[in-house]
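What follows is the residue order along each chain.
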Amino acid sequence: MHTGLLHAHSALRWLGLFFLVAAIIDSGIRMKRPMKEGAPKFALFALIITHTQLILGLLLYFVSPTVKGFMAAGEVMKNSVARFFVVEHLAMMILAIIVLTIGYSKGKRAEDQATKHRRIFVAYLIALIIILISIPWPFREVGAGRGWF
Ligand code: HEM
Ligand code: HEM
């Protein structure tokens, strides 16, 4: 259960990052060329993938031996790796997903195309930055021993 979830959560980061970047480029172009009609498909895919990451992450949080181990050991806030997995990763990722979802919803409700794409562009760019700095990349102390996929 935990291994499968962790692999899915780990691999899905790439699909999420791909669609986030695609959505930022797409809305960036369309914000300058508001004549181009059509639904923001890349933004919708990025939204669906990050919402799925949220579900997977929440499930992981409650079954993960890593999280359980750190919680049982105590002094979570004093150990930077424990603090990352018990508090920071979850809080920052939820914040990013909230920013992204508000951007998408507000974008969807905008009257004109330029406003729609500008709202998505700004929110997705902020979300991407938060997500990039909150991933336990293998080159970080918190990601030691973890893989790229
Ligand atoms: C804890 C789990 C989740 C929460 C709290 C959540 C919350 C939300 C919220 C607040 C919105 C914005 C509604 C709006 O203002 O229009 C939304 C939209 C959406 N969510 Fe989620 N979501 C969750 C999981 C999922 C999952 C697992 C999927 C799909 C795999 C998903 C797919 C979508 C889609 C497609 C929309 C956009 C609908 C649209 O406006 O076009 N969500 N979600
Ligand atoms: C866009 C959002 C997210 C991305 C890109 C992301 C990415 C990742 C990555 C790359 C890992 C390391 C995987 C590995 O070691 O193979 C990880 C671990 C983890 N994530 Fe996320 N995550 C996201 C959101 C969340 C959320 C919202 C939660 C909790 C509510 C969460 C909970 C966890 C937990 C508990 C682990 C460690 C599990 C373990 O080692 O047992 N993640 N995440």
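Structure first, text after, so check above.
Each value, and the rule that gives it
Residues numbered from 1 in each chain as written. Chains lettered and ligands numbered in written order. Predicted model: local features only at pLDDT ≥ 70, side-chain atom pairs only at ≥ 80, totals over all residues. Heavy atoms only, no water. Donors = N, O, S within 2.8 Å, 3.2 Å for Na, K, Ca; no water. Helix = DSSP H or I, 4+ residues; strand = E, 2+ residues; numbered from the N terminus. Near = heavy atom within 4 Å. Polar contact = N/O pair within 3.5 Å; in protein donor to acceptor, adjacent residues only side chain to side chain. Tetrahedral: all angles 85-135°; square planar, octahedral: opposite > 155°, others 65-115°. Buried < 20%, exposed > 50% of the residue type's maximum accessible area, 1.4 Å probe, protein only. Salt bridge = Lys/Arg side-chain N within 4 Å of Asp/Glu carboxyl O.

Asker: Account for the coordination of the iron atom of ligand 1, with residues named and values stated.
Answerer: Only one protein atom coordinates the iron atom of ligand 1: His51 (ND1), located 2.1 Å from the metal. Along the chain, the position of His51 falls in helix α2 (residues 41-63).

Asker: Lay out the site of ligand 1 in plain terms, naming residues and giving numbers.
Answerer: Leu44, Leu47, Ile48, His51, Thr52, Leu54, Ile55, Thr101, Tyr104, Ser105, Lys108 and Arg109 make up every residue found near ligand 1. Contacts to ligand 1 include Lys108, whose side-chain N or O atom sits 2.4 Å from an oxygen atom. When residues of the shell around ligand 1 are traced back to their parent elements, those giving at least two are α2 and α4 (80-109). Considering every element that reaches the shell around ligand 1, the biggest residue donor is α2, with seven residues.

Asker: Run through the coordination of the iron atom of ligand 2, naming residues and quoting values.
Answerer: For a metal with four donors in a tetrahedral arrangement, the ideal angle between donors is 109.5 degrees, while six donors in an octahedron ideally sit at 90 or 180 degrees. Ligation of the iron atom of ligand 2 by protein atoms is provided by His9 (NE2) and His89 (NE2), these donors lying 2.0 Å from the ion. Geometry at the iron atom of ligand 2 is octahedral, judged from its six donor atoms and the angles of 84 to 180 degrees they form at the metal. In this pair, His9 is assigned in helix α1 (residues 2-32) and His89 in helix α4, connecting sequence segments 80 residues apart. Of the two residues, His9 and His89, neither departs from the other in class, the shared state being buried.

Asker: Explain the pattern of salt bridges to me, using residue names and the numbers behind them.
Answerer: Enumeration over the complete set of coordinates arrives at three salt bridges. The shortest N-O distance in the salt bridge between Lys78 and Glu75 comes to 3.4 Å. Residue Lys78 is classed as exposed on the basis of its relative accessible area, which comes to 68%. The exposure class assigned to Glu75 is exposed, which follows from its relative accessible area of 58%. Linking Arg83 and Glu88 is a salt bridge whose minimum nitrogen-to-oxygen distance equals 2.8 Å. Judged by relative accessible area, which is 31%, Glu88 ranks as partly exposed.

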